[in-house]
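# A structural walkthrough
Residues per chain are reported as follows:
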Amino acid sequence: MDLRKAGKFLLSDKAFVFIMAVFIITMAIVTCYRGGKDIKVGLYGVEQTLQKHSPYDNPTDGNRPIFRYAPGFTILQSPFLLTSKMTGPFEFEHIIPSVFTWYVAAILAFLLSLLLIVKLIPAGSAEAAMRNLKISVYLALPLIAYELSNSQNKLIALAFVLFSVYLFEKKRYFLSAIFLSLAVTVYIPLVFFGLYFILRSKGRYIIDLALGGLVIFIVIPSVVWGIEYNNFVLKDWFVRCLKPFFMTTSYNTYMELRPSSQSLPSAIGRLFVWGQTTPYKYLIGPEALHIVIRLFSTTIIAISLLSVWRSIKPQMRGLSYSVFLLLALLTPSYCIWYTWAYLFVMYFATLNYISYDDVPKNEKKIMIVALAVLLISSYSTAVGPAVNQASVAFWGTLFYWACAAGVLLKHAKVQSR
């Protein structure tokens with residue numbers, strides 16, 4: 001079978017369904033065998049809230065909370081406690097039912113995300129859209145497998161935010177804000193979509209966003225736990241998880257130099273900080289480094305906003321979603337490789353964009369190169385610690401972001417003339 005025939009076979013509906021079925025069954029076995037590596041963090045938070053303790057307490061390291069989600073995340077994960085019983089900090093017995101049901105929820109979220117991006121991101125033709133969807137899934141499948149096998153929650157957060165986008169496009173702003181708030185509860189950096197919605201709605205989304213946040217972060221948890229306890233955990237979340245990153249003047253309050261983190265603060269930090277343990281050697285002071293990181297992050301966010309501040313052609317919607325979704329990978333205090341499972345959205349958006357006949361050839365070339373760099377850099381983390389230490393995944397992702405934002409900015413300038 002030559003390459004052309006093999007490609008045609010892989011892109012057939014029967015092959016895609018068969019491969020996905022094998023993937024889902026195989027990953028269910030692998031995930032259960034691994035015993036729920038990261039779900040234990042969430043279930044620990046559930047146990048802590050059931051006992052009216054803080055989920056941000058970390059018996060293994062008092063200075064670094066492992067549970068860093070918004071308090072309401074424990075409400076989302078509590079139905080998955082099932083037969084699991086905590087035997088020690090972040091250790092559970094009889095956890096397999098929890099792992100399996102959480103896996104099922106993640107798979108359903110992934111499938112929902114596929115349906116949503118097909119509805120949200122137009123292509124040159126229906127045939128091109130289905131072909132591009134299959135290619136995008138194939139390209140991201142190892143990353144998705146890594147996310148699933150770790151019993152992580154990023155695919156669930158993605159489904160929430162994509163459904164929020166879908167509702168926003170339908171002008172159901174309040175419901176959109178509810179699901180955006182749920183997405184933020186699971187993965188805080190997705191809050192950047194709030195800026196996207198506010199800009200695209202010309203400010204009308206602000207009230208709905210405030211009301212949605214009030215419902216998800218205040219009203220529902222207060223009903224479940226009581227007002228006093230909810231106020232306690234919200235304050236503890238702010239003090240231990242948000243304040244060290246958002247309200248600081250020094251990099252040493254949120255330093256994260258582990259090679260597994262490929263976000264901007266980690267990538268820039270590794271350029272200016274030497275050493276594996278304290279005392280670290282700073283090439284520039286931690287206060288100056290904090291300013292560099294903040295300026296870099298602010299520039300990326302500002303350019304992202306500028307790229308979508310005017311009306312966007314339907315065929316460019318996918319790139320605009322990608323730019324803001326990438327902010328959730330690039331700008332947090334840390335971001336680990338499994339979050340790159342989101343890349344199937346970027347692949348789909350890129351392939352759909354270049355499927356239009358009226359897209360300039362130079363833009364098609366730029367986005368093809370950007371997609372190739374994104375693909376290669378995303379798999380670079382499997383090479384070894386030295387590559388991760390060089391932040392190859394971060395720089396490759398940043399390159400794609402710059403290309404997508406540049407294309408959007410170019411068309412924004414054209415429209416403004």
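Values in this document were obtained by computation on a predicted structure and should not be read as measured data.

### With respect to the overall build of the protein chain
- Within the protein chain one finds 18 helices and four strands.
- Taken over the C-alpha trace, the protein chain has a radius of gyration of 21 Å; the compact-globule value for 417 residues is 22 Å, and the two agree within 12%.
- The C-alpha extent of the protein chain, read off along each of the three principal axes, is 60 × 50 × 45 Å.
- Contacts in the protein chain between residues far apart in sequence, at least 24 positions, make up 74% of those at least 6 positions apart.
- One way to put it: in the protein chain the 37 positive side-chain charges average out to a point 9 Å from where the 19 negative ones average out.

### What about the pattern of salt bridges?
- Enumeration according to the criterion identifies eight salt bridges in this entry.
- Taking the shortest distance from any N to any O, the salt bridge between Glu-169 and Arg-317 comes out at 3.4 Å. Remark: Arg-317 occurs in helix H14 (residues 317–330) and Glu-169 occurs in helix H7 (residues 154–169); sequence separation between them is 148 residues.
- Here Arg-317 falls in the buried class, since its relative accessible area comes to 19%.
- Bridged by salt links that share partners, the residues Asp-57, Asp-236 and Arg-240 form one connected network.

### What to know about the packing of aromatic side chains
- Evaluation of the coordinates by the stated rule reveals 32 aromatic pairs.
- Between Tyr-69 and Phe-73, the aromatic rings sit 4.4 Å apart at their centres with planes inclined by 35°, giving tilted as the arrangement. There is no split in this pair, since Tyr-69 and Phe-73 are both buried.
- An aromatic cluster is built from Phe-168, Tyr-173, Phe-193, Tyr-196, Phe-197, Tyr-205, Tyr-321 and Phe-324, whose rings are joined through pairwise contacts.
- Sitting above the plane of the Tyr-229 ring, Lys-52 keeps its charged end 5.5 Å from the centroid.

### Focus on a nonpolar patch on the surface
- On the surface, a cluster of nonpolar side chains totalling about 850 Å² of accessible area is made up of Phe-174, Leu-175, Ile-207, Leu-211, Leu-214, Ile-218, Val-219, Ile-220, Val-223 and Val-224.
- Contributing elements (two or more residues each) for the nonpolar patch: helix H8 (173–186) and helix H10 (205–225).
- Top element by residues in the nonpolar patch is H10. It accounts for eight residues.
- Mapping Leu-175 onto the fold places it in helix H8.

### Structural notes on the packing of helix H2 (residues 13–34) against helix H6 (residues 126–149)
- It is the contact of H2 with H6, at a shortest axis distance of 10 Å, that shows an interaxial angle of 10°. Considering their axes alone, H2 and H6 lie roughly parallel with respect to each other. Where H2 abuts H6, its residues Asp-13, Ala-15, Phe-16, Ile-19, Met-20, Phe-23, Met-27, Val-30, Thr-31 and Arg-34 lie against Lys-134, Val-137, Tyr-138, Leu-141, Ile-144, Ala-145, Leu-148 and Ser-149.
- Taken together, the residues that form the contact of H2 with H6 break down as 13 nonpolar, two polar and three charged.

### Things to note about helix H13 (residues 286–307)
- Helix length check: H13, at 22 residues, gives a terminal C-alpha distance of 31 Å against a target of 32 Å (1.5 Å per residue), a fit within 8%.
- For H13, the complete set of buried residues consists of Pro-286, Leu-289, His-290, Ile-293, Ser-297, Ile-300, Ile-301, Ser-304 and Ser-307. Relative to the axis of H13, the buried residues are bounded by an arc of 135° and lie together on one face.

### Side note on the packing of helix H9 (residues 192–200) against H10
- Where H9 contacts H10, the axes come no closer than 8 Å and their chain directions differ by 145°. Judged by residue contacts, Gly-194, Phe-197 and Ile-198 of H9 engage Tyr-205, Ile-206 and Leu-209 from H10.
- Classifying every residue of the contact of H9 with H10 gives five nonpolar, one polar and no charged.

### Notes on the side chain of Ser-136
- Structurally, the position occupied by Ser-136 is in helix H6.
- Accessibility expressed as a relative area gives 1% for Ser-136, which makes it buried.
- Reaching out from Ser-136, the side chain makes a polar contact with the backbone oxygen of Asn-132 at a distance of 2.7 Å.
- Not counting the four nearest positions on each side in its chain, Ser-136 is found in contact with Phe-344, Tyr-347, Phe-348 and Leu-351.

### Focus: unusual backbone geometry
- Unlike most non-glycine residues, Leu-82 shows phi in positive territory, near 45°.
- Turning to its location among the elements, Leu-82 is positioned in the loop between helix H4 (73–77) and strand S1 (85–88).

### Thoughts on the environment of Asp-208
- Inspection of the secondary structure assignment puts Asp-208 in helix H10.
- Dropping the residues within four chain positions of it, Asp-208 is found in contact with Tyr-173, Phe-174 and Ala-177.

### Things to note about the nonpolar core
- Counting residues in hydrophobic clusters, the biggest one holds 131 residues, and the most contacted among them are Ile-144, Phe-344 and Met-367.
- Among residues more than four places away in sequence, those in contact with Phe-344 are Phe-110, Ser-113, Leu-114, Ile-117, Ser-136, Ala-140, Ile-144, Leu-155 and Leu-158.

### Regarding the side chain of Thr-49
- Here Thr-49 lies in helix H3 (residues 39–50).
- Excluding residues within four positions of it along the chain, Thr-49 makes contact with Pro-55, Thr-74, Trp-225 and Tyr-229.

### Regarding the environment of Pro-360
- Summarising the element assignment, Pro-360 is placed in the loop between helix H15 (343–354) and helix H16 (361–379).
- The class for Pro-360 is partly exposed, based on a relative accessible area of 30%.
- Here the alpha-carbon distance between Pro-360 and Val-137, two residues 223 residues apart in the chain, equals 26 Å.

About the criteria used
- Residue positions are given per chain, counting from 1 as you read along its sequence in written order.
- In view of the model being predicted, local features appear only for residues whose pLDDT reaches at least 70, and side-chain atom pairs are presented and counted only at 80 or more, with totals across whole chains, interfaces and linings using the full set of residues.
- Side-chain numbers come from the whole structure's heavy atoms, not from hydrogens or water.
- Under the DSSP-based scheme used, a helix requires at least four consecutive residues in state H or I and a strand at least two consecutive residues in state E, with every element numbered from the N terminus.
- The reference for a compact globule is 2.2 Å times residues^0.38; the radius of gyration itself is calculated from the C-alpha atoms.
- Whether two residues touch is decided by their heavy atoms; if any such pair falls within 4.5 Å, the residues are in contact.
- Neither His nor the chain ends is counted toward charge; the positive residues are Lys and Arg and the negative residues Asp and Glu.
- A charged residue contributes its charge at one atom only: NZ of Lys, CZ of Arg, CG of Asp or CD of Glu.
- What makes a salt bridge here is a side-chain nitrogen of Lys or Arg within 4 Å of a carboxyl oxygen of Asp or Glu, nothing more.
- Only protein chains enter the accessibility calculation, which uses a 1.4 Å probe; a residue whose area is less than 20% of its type maximum is buried, one above 50% is exposed, and one in between is partly exposed.
- Two aromatic rings, drawn from Phe, Tyr or Trp (for Trp, its six-membered ring), form a pair once their centres lie within 6.5 Å of each other, and the interplanar angle then sorts them: stacked below 30 degrees, edge-to-face above 60, tilted otherwise.
- Charges are assigned to positions over rings by a cutoff of 6 Å between ring centre and Lys NZ or Arg CZ, combined with an angular limit of 35 degrees from the ring normal.
- Within the patch definition used here, like charges are joined within 9 Å and nonpolar side chains (Val, Leu, Ile, Met, Phe, Trp, Tyr) within 5 Å, considering only residues with over 30% relative accessible area and no salt bridge.
- A 1.4 Å probe and the Shrake-Rupley method give the accessible areas. Residues count as covered only by the protein chains that appear here.
- Throughout, an axis means a line fitted to C-alpha atoms (over the contacting stretch in the case of helices), and angles, computed between N-to-C directions, take values from 0 to 180 degrees.
- Here roughly perpendicular refers to angles of 65 to 115 degrees, roughly parallel to angles under 35, roughly antiparallel to angles over 145, and oblique to all remaining angles.
- Gly is put with the polar residues, along with every residue not named as nonpolar or charged; the nonpolar set is Ala, Val, Leu, Ile, Met, Phe, Trp, Tyr, Cys and Pro, and the charged set is Asp, Glu, Lys and Arg.
- The span expected for a helix works out to 1.5 Å for each residue beyond the first.
- This arc is taken over the directions from the axis of the helix to the C-beta atoms.
- Think of a polar contact as two N or O atoms within 3.5 Å of one another; within protein, one of them needs to be a possible hydrogen donor and the other a possible acceptor, and neighboring residues in sequence only count if both atoms come from side chains.
- Among buried residues, those of type Ala, Val, Leu, Ile, Met, Phe, Trp, Tyr and Cys that are joined through side-chain atoms within 4.5 Å constitute a nonpolar core.

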